[in-house]
Amino acid sequence: MPLSEKINLFGKSLPELEEIALNFGERKFRGKQLYEWLYNKKVLNLEECSNLPKSFINQLNNNYMIHHPEVIKVLTDPEDGTQKYLLKLEDDKLIEAVLMNYSFGNSVCLSTQVGCAMGCTFCASGKNGKDRNLTAEEIAGQIIAIENYSGKQISNIVLMGMGEPLDNFDNVLKFIKLANQNLNIGQRHITLSTCGLVDKIKALADEKLQINLAISLHSPFQNKREEILPIAKRYNIDQLINASKEYFNKTGRRVTYEYTVIPDFNNSEADALELKKLIGNIPHHINLIPLNPVTKEVKPSRDNVKLFAEILNKQGLISTIRRKNGKNIEAACGQLRNQELEI
Ligand code: SF4
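A quick note: this is a predicted structure, and the numbers were derived from the prediction, not measured.

> Just to check I follow, could you spell out the domain arrangement of the protein chain for this structure?
When the parts of a complex come together, some accessible area is lost, and that lost area is often used as the size of the interface. Splitting the protein chain by domain gives domain 1 (3–65) and domain 2 (70–341). Computed from C-alpha atoms alone, the centre-to-centre distance between domain 1 and domain 2 is 35 Å. Facing 7 residues of domain 1, the contacting portion of domain 2 comprises 11 residues. Taken together, the residues of the side of domain 1 that touches domain 2 sort by class into 3 nonpolar, 3 polar and 1 charged.

Structure representation (structure tokens):
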């Protein structure tokens, strides 16, 4: 059977692996052994499964494979060790992921789609639209590829790479369960970031997961959001804030509002006052992000971010400034892939 027609074992649940073992005339516990090789020892090929009978491995090899995205290029920031990965999927499509080292553990920022349909003006990932959704196995496979390359164990996941996670709802939900149950990463260690697909935020709230939700707010004004986030034309700001309240009410998880500080656009006293009206009375956390320039003409805004944090603080709003990882490499989402594809 050609490699491309073989079925990927990575992503299968324990009952599915037990069934595969039984179908090949093996005892059920062989499925459990296979599960441990796939998710605890994280092997890259079946030959490494040393306690499985050779005959079973041969049978598996005829129909199945273990496949993860392939590491094509890695940029390492010499200052903070942040690594940006360019990864190739089975159909040769390229995606990006970032490994960041924190005092609390190693965190990865993963892609959920090839490209993105959302078209946020400050983002390189959406420049050429969406190509396709990633499967749950492709999203999780980025973790294995990075762990294998770096030798580091991942403890935290941020779904904030290429793609809008809620535009790939079913696969992302499947991924969260896979990461939680098979790779043993706690739901509270997983953060999903969305540009604001209101109906999907509500659907996510109904799942009552314990993951963290981050919403790209970037301005408390409807007209300004529309300027930089095309999705704001579909869902207005009141609908968005109501959906975030619903998420908190159903899950008990405080929502984070992502706020990229764009000089002379969204960092005035008036912006802070409007933000207070909007979210001042609900549990909130504002994550201030220095603008990561997609083009060289836009200047980074670290000082503006500090000043805006002080303005917010005076209004009683809770904010932190996101640590700038990988500032010596092309760590803004989508930049490395675009260079490779010459977009
Ligand atoms: S910021 Fe996120 S949602 Fe917006 S275009 Fe980029 S990847 Fe897509």
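> What's the story with helix α4 (residues 136–150) in this structure? I'm lost.
Since the α-helix turns once every 3.6 residues, residues separated by three or four places project in the same direction. Counted at 1.5 Å a residue, the expected span for α4 with its 15 residues is 21 Å, and the 22 Å between its end C-alpha atoms agrees. Buried residues dominate α4, accounting for 11 of its 15 residues. Of all the residues in α4, the buried ones are A136, E137, E138, I139, A140, G141, Q142, I143, I144, A145 and I146. G151 occupies a position one or two residues after α4 and carries a positive phi of about 75°.

> I would appreciate a short explanation of the site of the ligand in the present structure.
In the neighbourhood of the ligand, 12 residues make up the surrounding shell, with C116, M118, C120, C123 and G126 lying closest. Partitioned by chemical class, the residues of the shell around the ligand number 7 nonpolar, 4 polar and 1 charged.

> Any chance you could explain helix α9 (residues 269–279) here in plain terms?
Along α9, the residues that are buried comprise D271, A272, L275 and I279. Down the axis of α9, the sector holding all buried residues measures 95°, keeping them to one side. Facing away from the buried side of α9 by more than 90 degrees, the exposed set consists of E269, A270 and K277. Where α9 is buried, its residues touch α8 (237–251), β12 (255–261), β13 (284–290) and α10 (302–314).

> I keep staring at the packing of helix α6 (residues 198–207) against α8 and nothing clicks. Help me out?
Axis angle and axis distance: for two packed helices, these are the angle between their axes and the distance between the axes, and together they describe the pair. Closest axis-to-axis distance for the α6/α8 pair is 9 Å, and the angle between their directions is 5°. When the axis of α6 is compared with that of α8, the two are roughly parallel. Where α6 abuts α8, its residues V198, I201, K202, L204, A205 and D206 lie against Q239, L240, A243, S244, E246, Y247, K250 and T251. Class assignment of the residues belonging to the contact of α6 with α8 gives a composition of 7 nonpolar, 3 polar and 4 charged.

> Would you mind showing me how to read the sheet that holds strand β5 (residues 94–102) here?
In a beta sheet, neighbouring strands are held together by backbone hydrogen bonds and run either parallel or antiparallel to one another. Taken together, 10 strands build an open sheet; the order of strands is β3-β4-β5-β6-β9-β10-β11-β12-β13-β14 and the sheet is mixed. Single-partner strands in this sheet number two, and they are β3 (70–76) and β14 (319–321). Taking each pair of neighbouring strands and ignoring which way they run, the sheet shows an average axis angle of 25°. Pairing analysis gives 3 bridges linking strand β9 (residues 154–159) to strand β10 (residues 190–194), with the strands arranged parallel. Bridge assignment links I157 to a residue of β10, and that residue is I190. Together, β12, β13 and β14 form the strand contacts of α10, whose direction differs from that of β13 by roughly 160°.

Definitions and limits used
- Residues numbered from 1 in each chain as written.
- Predicted model: local features only at pLDDT ≥ 70, side-chain atom pairs only at ≥ 80, totals over all residues.
- Domains from an automatic or database assignment.
- Contact = placed C-beta atoms within 7 Å.
- Nonpolar A, V, L, I, M, F, W, Y, C, P; charged D, E, K, R; others polar.
- Helix = DSSP H or I, 4+ residues; strand = E, 2+ residues; numbered from the N terminus.
- Expected span 1.5 Å × (residues − 1).
- Buried ≥ 20, exposed ≤ 12 C-beta atoms within 10 Å, placed from the backbone.
- Near = placed C-beta within 6 Å.
- Arc of directions from axis to C-beta.
- Axes fitted to C-alpha atoms, helices over the stretch in contact; angles between N-to-C directions.
- Parallel < 35°, antiparallel > 145°, perpendicular 65-115°, else oblique.
- Pairing = 2+ DSSP bridges.

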